Amino acid sequence: MNRELLEEKLSELPLYIYDFLDPKELEFNDRIRWICENECPMYGKSWACPPGVGSVSHCQGKCLSYENCLLVSTIVEVNDIADMEETLATRPEHEAITNQVRDIMVDLGAKPYVLSTEACTLCQRCAILDGEGCRFPESMHPCVESHGINVVPVLESRGLEFQFGANVVTWVSLLFY
Ligand code: SF4
């Protein structure tokens, strides 16, 4: 894939940052999975979340099977970051931008494996709840955390804060290729 062309297109998008990394730079951590299991109401309710995505080592193996990873991040200011309704309402825009990045990469000849944010909302009711397979496996994006990935060290290694400001939501997607 032509990185120069990709960067030209990325510069037209309202991204906070983008950066390229070696998938081996990512920290895969069972502690993140523990949080999914014990603190997230979506655990077991979406194919985009654990345990549907497989074990952390399975997810890690999949991510490390790619040579490159593109990290894209958007930020948005809200009145109160603790207000989950307000915070989550900012997510669709990030998802739309992630899909734009995916489409650009596909146009340039790549077939990226995309991790994005939160549980998939493509269907009103996820098929996993009815014991069925995912209806749109090519379109749904598992969330970054579902794979046990802690993105904070990678952001910090580039001098970036995950928590940009008191009421600033940071959304991150990873596109492996
Ligand atoms: S596309 Fe539908 S079935 Fe697949 S993960 Fe998303 S909500 Fe679930």
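No experiment lies behind these values; they were computed from the predicted model shown.

Undergrad: What am I meant to see in the nonpolar core here?
TA: Soluble, globular proteins show a tendency: their nonpolar side chains are buried together. Ranked by size, the top nonpolar core spans 35 residues in total, and within it Leu71, Val144, Leu174 and Leu175 carry the most contacts. Elements with a contribution of two residues or more to this core: helix H2 (30-39), helix H3 (56-64), strand E3 (69-77), helix H5 (91-107), strand E4 (113-115), helix H6 (152-157) and strand E6 (168-176). In terms of residue count, E6 provides more of this core than any other element does, 6 residues in total. Not counting residues up to four positions away in its chain, the partners in contact with Val144 are Leu115, Ser116, Ile149, Val151, Val172 and Leu174.

Undergrad: Would you take a moment to explain the sheet that holds E3 for this structure?
TA: Sheet strands pair by backbone hydrogen bonding; their relative direction is either parallel or antiparallel. What the 4 strands build is an open sheet, ordered E1-E3-E6-E4; its pairing is antiparallel. Lying at the two open borders of the sheet, with one neighbouring strand each, are strand E1 (17-21) and E4. With strand direction ignored, the average angle separating the axes of adjacent strands in the sheet is 20 degrees. In the sheet, E3 pairs with E6 via 9 bridges, with the strands oriented antiparallel. Bridged to Ser73 within E6 is Val172. Contacts from H5 reach E3, E4 and E6 within the one sheet, and its direction differs from that of E6 by about 25 degrees.

Each value, and the rule that gives it
Residues numbered from 1 in each chain as written. Predicted model: local features only at pLDDT ≥ 70, side-chain atom pairs only at ≥ 80, totals over all residues. Core = buried A, V, L, I, M, F, W, Y, C linked by C-beta atoms within 7 Å. Buried ≥ 20, exposed ≤ 12 C-beta atoms within 10 Å, placed from the backbone. Helix = DSSP H or I, 4+ residues; strand = E, 2+ residues; numbered from the N terminus. Contact = placed C-beta atoms within 7 Å. Pairing = 2+ DSSP bridges. Axes fitted to C-alpha atoms, helices over the stretch in contact; angles between N-to-C directions.

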